[in-house]
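# A closer look at the structure
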Amino acid sequence: MVELVSKTQSFDGSQCQYRHRSDVLDCEMQFSVFLPSMAEKDQRFPVLYWLSGLTCTDENFSQKAGAQRMAAELGIALVIPDTSPRGDDVADEEGYDLGKGAGFYVNATQAPWKAHYRMYDYVVEELPKLIEANFPVSDRRAISGHSMGGHGALTIALKNPQRYTSVSAFSPICNPMACPWGEKALAAYLGQDRSLWEAYDATALLSQATVQLPMLISQGEEDQFLQEQLKPNALKAAARAAGYPLKLEFHAGYDHSYYFIATFIEQHLRFHADYLLHID
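Quantities reported herein were computed from a predicted structural model and do not represent experimental measurements.

What follows concerns the state of the cysteines. A full pass over the atoms with the stated rule returns 0 disulfides. Cysteine Cys 56 is unpaired, with the sulfur of Cys 179 as its nearest cysteine sulfur at 17 Å. The exposure class assigned to Cys 179 is buried, which follows from its relative accessible area of 0%.

In structure tokens, the structure reads:
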């Protein structure tokens, strides 16, 4: 069951926020949905799932990216989950890169995180079932995200290519096993056995992929996290070695902010529309 928190009109569609009880995360969760205006009574829209980055909630993308206009024009629904479990009973830690707001889209196996931090299962299984049962959408899905959410989008798509038509990312954490953000989070959530981390590392997963999805990555050259944290060239090298059709674009002058996302979100939505709207 979903409970409407807020609703506003945008480009003749509806931008809404909902609350529900998550069985997977064992807590109350919020998510945002944009639905284009319905031209036909029984119309069902394909869905782009957007995964946000560190410290974000479900509201950052819906308020800052300016995606509604193009989503309305293309006839694509947008679904934006929160970035972690929430609530007084949910484990947390001081700092922005572990705990609430920093779920890293993994299934945690270590205490105290394993009680609630199962964002992988939430995004892959529970949330789509909820969306498809309660909203006028189809089961045609694409996935995208930013930074930590870009990491989530890439790893989820690479592990579940049958569930998505395409994947894209802005400034993703491409090789978390080899960067400070990723090493801290993966050690805390999964333990010290680094072989277990490969299941949530896009570079490792892409090098082993047997099914190839259309993949677009946009990266700003002035991103302050580019060299130490994001490491897109590691993913690029893995794609070249594996013959994976990665489209990686570097953009001069752009940083890690939502100004970058807002500038290129139309390109990403049109990229996904080529696959979401094409029925074989």
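Okay, helix α5 (residues 180-190) next. Among the 11 residues of α5, 8 are classified as buried, and the element is accordingly described as predominantly covered. Every buried residue of α5 is accounted for by Trp 181, Gly 182, Ala 185, Leu 186, Ala 187, Ala 188, Tyr 189 and Leu 190. At its buried positions, α5 is contacted by α7 (226-230). Backbone geometry just after α5 places Gly 191 at a positive phi near 95°.

Our focus in this paragraph is the pairing of strand β8 (residues 215-220). Burial analysis of β8 places 6 of its 6 residues in the buried class, the great majority of the element. On β8, burial covers both faces: Met 215, Ile 217 and Gln 219 on one face and Leu 216, Ser 218 and Gly 220 on the other are all buried. Pairing geometry for strand β7 (residues 167-170) and β8, over 4 bridges, is parallel. Note on β8: the bridge partner recorded for Ala 169 is Ile 217. In this structure, β8 lies alongside strand β9 (residues 246-251), joined through 6 bridges in parallel fashion. Within β9, the residue paired with Gln 219 across the bridge is Phe 250.

Moving on, we come to the nonpolar core. By size, the foremost hydrophobic cluster in this structure holds 71 residues, and its most contacted members are Phe 31, Phe 104, Ile 131, Ile 143, Ile 156, Tyr 189 and Met 215. The element contributing the most residues to this core is helix α3 (residues 119-134), with 8 residues. Excluding anything up to four places from it in sequence, Ile 131 contacts Phe 31, Val 33, Tyr 49, Val 79 and Val 137. The next biggest cluster of nonpolar side chains, apart from the first, holds 22 residues, and it includes Trp 50, Phe 61, Ala 71 and Phe 260.

All right, on to the packing of aromatic side chains then. Tallied over the entire structure, the rule returns 16 aromatic pairs. Consider the rings of Tyr 117 and Tyr 189, whose centres lie 5.5 Å apart with planes at 25°: the pair is stacked. Taken together, the residues span a long stretch of sequence, with Tyr 117 in the loop between β5 (77-81) and α3 and Tyr 189 in helix α5 at a distance of 72 residues. Considered together, Tyr 117 and Tyr 189 belong to a single accessibility category, that of buried residues. A network of ring pairs unites the aromatic residues Trp 50, Phe 61, Phe 170, Tyr 254, Phe 260 and Phe 264 as a single cluster.

Procedures and definitions
Residues numbered from 1 in each chain as written. Predicted model: local features only at pLDDT ≥ 70, side-chain atom pairs only at ≥ 80, totals over all residues. Heavy atoms only, no water. Disulfide = S-S within 2.5 Å. Buried < 20%, exposed > 50% of the residue type's maximum accessible area, 1.4 Å probe, protein only. Helix = DSSP H or I, 4+ residues; strand = E, 2+ residues; numbered from the N terminus. Contact = heavy atoms within 4.5 Å. Pairing = 2+ DSSP bridges. Core = buried A, V, L, I, M, F, W, Y, C linked by side-chain atoms within 4.5 Å. Phe/Tyr/Trp six-rings, centres within 6.5 Å; stacked < 30°, edge-to-face > 60°.

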